[in-house]
Amino acid sequence: MSDYKALYQEVILDHNKKPRNYGTLEHPTHHADGRNPLCGDHIEVALNLEGENIGAIAFQGESCAICKASASMMTTAVKGKTRADAEEITQEFLAMATGKRDLGSLSHIGRLSVFAGVRDLPTRVKCAILPWHTLHAALNAVESTSTEAENDPMQAPIGDA
Amino acid sequence: MNDTHTAPQTQAASACDVERIRADFPILKLEINGKPLVYLDNAASSQMPQQVIDRLVRYRTTQHANVNRAVHTLSEIATNEFEEARRKLQHFINAREEREVIFTSGTTDSINLVMHGYGRKFIKAGDEIILTTLEHHANIVPWQMLAEEKGATIRVVPVNDAGELLIDEYEKLFNERTKFVGVMHVSNALGTINPIKQMIAFAHAHGVPVLIDGAQAVPHMKVDVQDLDCDFYAFSGHKLCGPTGIGILYGKAALLERMQPFKGGGDMILSVTFEKTTYNTIPHKFEAGTPHIAGAIGLGAAVDYLSEIGMDAIAAHEHALLDYATAQMSQMRGVRIIGTAKNKAAVISFAIDGVHPHDIGTLLNQDGVAVRTGHHCAQPVMQRFCVPATSRASFAFYNTMAEVDSLVAGIRNVQKVFA
């Protein structure tokens, strides 16, 4: 009866309705475009790297609630973190969303665990991971990324997730 | 397993005995997420009745061999059944001759056959090809490839806000450079039924041949290719209660004979030496390699099944479903129906304020309701209506009024979750 609640939790619905860090940055040091051509989701991530620290970060785009909430919570999770920390959280998020690792083995996920439910909805996994893939692309100075390109995160997980 | 759906109480009895029909479709007895399956994704692919499944089993268990080859008994049986299927399809669309019916892998393959066989031979630099805003990518991309190769130009017929083609604009596109028209019979994204008979007549008055993409029309209405006078008509088996991987290209014999083959190989030749190959006659010229024999025979059984119910009865029942669903959904606050043509097939594309189609699709699925969400391989349509994607409920003759109620209840739930 309430299966959808496993995925559409209050916190996800809240971030969808009131996304944090939504918009653009004036002159970002790093920026990337992420697309899922299968469903049309499109996310832009812009950030300012101050030394090794992520200072400002913003996202915008056209996407479903899962993707938007994931992007919103991603920005709050990595803001102020070092690039290395952000990449580590990214790897853990991908491992969680694709079901490769159990929640118990992940130490940096925190509130992001609300997305664990997507592992049971294969058609929606890409919605949740697109923002993270885009963040990874931005941090590595790749201008655009796609869930269907050869660097498809489903085929080739970032790092050793 | 109990079928929880009841006969339509909310509407006058329709021409189809839906409960009897539903009993023929084993998959409709499934439960999804603990709810009875409400299958409203028929425009993507329809389900298969037991009669077609049984026919496939009979072919595979007692009739299989390669066709048009050996003299042994099984090969003769398979060849006869394969050609009998061609005759069934010929009668189903009222083609003049059975050699005008070519087995392909589906609508996309059929259109590509025309692009390669006709387009690459007869379209030249500076020529113009007319398509419409409503087209599926399958009737856009092959022509773009051809236009790029030849230096030809594609002209596009616009639509109004209801999703109807602007016929005045269509007629204005014609000039001495116009060499080909490609138009879909029924829009997969919006359900619009296009006035193709009138469009074909106008093109013919200018000496221009017309290809009709009939993928969404053939399953839902009586199609008579002689009455339409179309030059080519393409459709797929799997939207017609048949198997995937099989489809039809109808073409007028005189045109097919002038065309070059699309694929080279076995079956499509009369003689081969390394100096010269003589092509086979139609339809075999266009059927290189071992065909999807089981698919063709299954499709033959599918059109037998549909003919027994009657395409007019099917159209009437689906129209009743469309009217009922449209009446309910157009009253819902925050729900917008995209595609409101006066002449529509049983397809409802819709948007819910503030909710992305994929979230709608996931939540409806939790209620057992299967709809399509996305751009429906018709991105120009999405751009025209300024939406990234829509949700689409597409009905078949085995759907019920109670299933429309389930869809409407599902939409209310989506609105509640996202309130």
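Structure: above.
Residues numbered from 1 in each chain as written. Chains lettered and ligands numbered in written order. Predicted model: local features only at pLDDT ≥ 70, side-chain atom pairs only at ≥ 80, totals over all residues. Heavy atoms only, no water.

Structural notes on empty space enclosed by the protein
Residue and element names in this part refer to chain B.
Thought 1: Using the criterion set out here, one finds three cavities of 30 Å³ or more in the structure.
Thought 2: A volume near 60 Å³ is recorded for the second largest cavity.
Thought 3: What lines the second largest cavity is simply Asn42, Ser46, Pro219, His220, Lys239, Leu240, Cys241, Leu306, Glu318, Ala396 and Phe397.
Thought 4: Residues of the lining of the second largest cavity, tallied by class, amount to six nonpolar, three polar and two charged.
Thought 5: Taken together, domain 1 (10–39 + 310–414) and domain 2 (56–307) each give at least three residues to the lining of the second largest cavity, which thus spans both. (1 Å grid on protein atoms, 1.4 Å probe; cavity = no way out; pocket = protein on both sides within 12 Å on 5 of 7 lines; lining within 4 Å. Points joined across faces, edges and corners; volume = space filled by probe spheres on them. Nonpolar A, V, L, I, M, F, W, Y, C, P; charged D, E, K, R; others polar. Domains from an automatic or database assignment.)

Quick look at the sheet that holds strand S1 (residues 30–36) of chain A
Residue and element names in this part refer to chain A.
Thought 1: As summarised here, the arrangement of the four strands in space is S3-S2-S1-S4, forming an open sheet in which the pairing is mixed. The open sheet terminates on both sides in strands that have one partner only, identified here as strand S3 (53–62) and strand S4 (144–146). Here the average twist between neighbouring strands, direction ignored, is 20°.
Thought 2: The pairing of S1 with S4 spans three bridges and is classified as parallel. When the sheet's bridge partners are listed, Asp33 is paired in S4 with Ser144.
Thought 3: Strands strand S2 (41–50) and S3 of the sheet are contacted by helix H3 (residues 65–78), whose axis makes an angle of about 170° with S3. (Pairing = 2+ DSSP bridges. Helix = DSSP H or I, 4+ residues; strand = E, 2+ residues; numbered from the N terminus. Axes fitted to C-alpha atoms, helices over the stretch in contact; angles between N-to-C directions. Contact = heavy atoms within 4.5 Å.)

A short note on the side chain of Ser63 of chain A
All names here are of chain A.
Thought 1: Summarising the element assignment, Ser63 is placed in the loop between S3 and H3.
Thought 2: Judged by relative accessible area, Ser63 falls into the buried class, the value being 9%.
Thought 3: Within the structure, the side chain of Ser63 is placed 3.4 Å from the backbone nitrogen of Lys68, a separation counted as a polar contact. (Buried < 20%, exposed > 50% of the residue type's maximum accessible area, 1.4 Å probe, protein only. Polar contact = N/O pair within 3.5 Å; in protein donor to acceptor, adjacent residues only side chain to side chain.)

Focus: the packing of aromatic side chains
Residues and elements named next belong to chain B.
Thought 1: Per the stated rule, a full pass over the model turns up 19 aromatic pairs over all chains.
Thought 2: On the numbers, 5.8 Å between centres and 80° between planes, the contact of Phe25 with Tyr305 is edge-to-face. Residue Phe25 is located in the loop between helix H1 (18–22) and strand S1 (31–32), and its partner Tyr305 is located in helix H10 (residues 293–309); the two are separated by 280 residues in the primary sequence.
Thought 3: For Phe25, a relative accessible area of 0% translates into the label buried.
Thought 4: Ring centres of Phe25 and Phe397 lie 5.9 Å apart, and the angle between their planes is 65°; this geometry places the pair in the edge-to-face category. Taken together, the residues Phe25 in the loop between H1 and S1 and Phe397 in the loop between strand S17 (390–394) and helix H14 (401–417) connect sequence positions 372 residues apart. Each member of the pair, Phe25 as well as Phe397, carries the same accessibility label: buried.
Thought 5: Aromatic rings pair up to connect Tyr118, Phe122, Trp143, Phe180 and Phe232 into one cluster.
Thought 6: The cationic tip of Lys222 hangs over the ring face of Phe92; the distance from NZ or CZ to the ring centre is 5.9 Å. (Phe/Tyr/Trp six-rings, centres within 6.5 Å; stacked < 30°, edge-to-face > 60°. Lys NZ or Arg CZ within 6 Å of the ring centre and 35° of its normal.)

Looking at unusual backbone geometry
Residue and element names in this part refer to chain B.
Thought 1: In this chain, Ile282 is followed by Pro283 through a cis amide linkage whose omega measures 5°.
Thought 2: Of note, the phi angle at Asp267 is positive, near 75°, even though the residue is not glycine.
Thought 3: Mapped onto the elements of the fold, Asp267 is located in the loop between helix H9 (253–258) and strand S11 (269–272).

So, the packing of helix H4 (residues 107–122) of chain B against helix H5 (residues 141–150) of chain B
Angle between the axes and distance between the axes are the two parameters that describe a pair of packed helices.
Residues and elements named next belong to chain B.
Thought 1: The N-to-C vectors of H4 and H5 enclose an angle of 25°; their axes lie 9 Å apart at closest approach. Regarding the angle of H4 to H5, the classification is roughly parallel. As for the relative orientation of H4 and H5, their crossing is right-handed in sense. Residues Ile111, Asn112, Val114, Met115, Gly119 and Arg120 of H4 form the contact with H5, whose own contacting residues are Pro142, Trp143, Met145, Leu146, Glu149 and Lys150.
Thought 2: Of the residues that constitute the contact of H4 with H5, the class distribution is seven nonpolar, two polar and three charged. (Parallel < 35°, antiparallel > 145°, perpendicular 65-115°, else oblique. Left-handed = near helix turned anticlockwise from the far one by under 90°.)

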